[in-house]
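# Structural features, examined
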Amino acid sequence: MRTGLAFGLALLAVSLTGAARAEVKLSGTFVADAACPATQAIKSGKNPGDISTGAGQSYDLLAGNKDAPTHYLIRVPGADPERRWVKVSCGHVSGGSASTVPAAPAPADQNKPSAPASGKPEYVFALSWQPAFCETKSGKTECKAQTAAGFDATHFTLHGLWPQPNGNFYCQVAAADKANDNPAHWQDLPPVELEANTRSELDQVMPGTASDLERHEWIKHGTCYGKSQQDYFSDALKLMRAVNASPVRDLFAKNVGKQLTSNQIRTAFDSAFGAGAGARVRVSCLVDPSDGRRLIGELTLGLTGPIGPNSTLGDLMQAAAPTNNAGCPKGVIDSVGFQ
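In what follows, the accompanying structure is described. (Residues numbered from 1 in each chain as written. Predicted model: local features only at pLDDT ≥ 70, side-chain atom pairs only at ≥ 80, totals over all residues. Heavy atoms only, no water.)

Opposite charge on two side chains permits pairing when their charged atoms draw close. Scanning all chains against the criterion turns up 13 salt bridges. One salt bridge in this structure joins Glu23 and Arg83, with 3.3 Å as the shortest N-O distance. Here Glu23, found in the loop between helix H1 (2-21) and strand E1 (24-25), pairs with Arg83, found in strand E5 (residues 83-87); they are 60 residues apart in sequence, far enough to count as distant. What makes Arg83 partly exposed here is its relative accessible area of 42%. For the salt bridge of Arg215 with Asp212, the shortest nitrogen-to-oxygen distance reads 3.4 Å. (Salt bridge = Lys/Arg side-chain N within 4 Å of Asp/Glu carboxyl O. Helix = DSSP H or I, 4+ residues; strand = E, 2+ residues; numbered from the N terminus. Buried < 20%, exposed > 50% of the residue type's maximum accessible area, 1.4 Å probe, protein only.)

Moving on to the state of the cysteines. This structure, assessed with the given rule, holds three disulfides. The partner cysteine of Cys171 in its disulfide is Cys224, sulfur to sulfur 2.1 Å. Residues Cys171 and Cys224 share a disulfide whose torsion about the S-S bond is about 105°; that sign makes it right-handed. Taken as a pair, Cys171 in the loop between strand E8 (157-163) and helix H4 (175-179) and Cys224 in the loop between helix H6 (213-220) and helix H7 (229-244) lie far apart in primary sequence, 53 residues in all. (Disulfide = S-S within 2.5 Å.)

Moving on to unusual backbone geometry. Each neighbour pair has its own omega, and for Asp80 with Pro81 the value is 0°, a cis peptide bond. Looking at the element boundaries, Pro81 is found in the loop between strand E4 (71-75) and E5. A cis amide bond links Gln164 with the next residue in sequence, Pro165, at an omega value of 5°. In this fold, Pro165 is placed in the loop between E8 and H4. A positive phi angle, near 50°, is found at Tyr170, a position not held by glycine. Structurally, Tyr170 can be placed in the loop between E8 and H4. The class for Tyr170 is partly exposed, based on a relative accessible area of 21%. Phi angles above zero are rare outside glycine, and Asp212 is one such case at about 65°.

What follows is the structure, encoded as structure tokens:
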């Protein structure tokens, strides 16, 4: 009996030691480059709530699964449980001890700016390709409403305009509003008050307003913009018009159902907004859960300089420092409808 007890205690000690070594504590921020499963367990892939990261979204980094991690443990607000594992290839890390984690070498940048940039981006401007987003969020109101004749079938849609540096969130926001800032409670956030014409354009260009996305974007990012709600969304809509009136939108619309590379997309930005603009663009992809296709879901643009009536998207991009990482190398331009 004592021998069996001793053996059992030994096994328990080994188990606890293994558990302790299963996580290597890290600090910093994990920034998702794509929509990836955020699982409760690595091996089983158990994913309560079918949680995914959001491309361009930032999460608290808690740990790696080993010294040279293949997965990061992050905190996903609103998930149950909040602690989730994601593959390291899903995004990149910044700050804290995470900055010492070896990163994969970035692809060579073929689009060097024509002039030195003034510094790190002051803003990140995030554009969505809505049909791809909806492949992973088919239950959302705006995704159920998609049609082949709709604006979002052939145009970029607005995700957000995010003041930098990363982590510049929730400026003077009440604790109750921060607590409600998850998709299940966006309707409980304060409404965004806009002029009628701005509201009409926003509802078209940001389909997510059907799920109160604009309330989330204002609470998390707009409160740090330094302007009113009206000015914040008016400035974002002006930038959206520039992209949707450009060869970049034409490239996407003409290649629906086909594959584009990040180099092709960056070259289109050079054509539209001046040589070197493409070097300020990062491409994010997501995986269609139904068939495994890699879809281009979002573009993020680095901007620097005051955004206002006299600024142009090209000037704002040229003033920002280039990114050495183009992001997702290639993906399909999804068509409306669930594939």
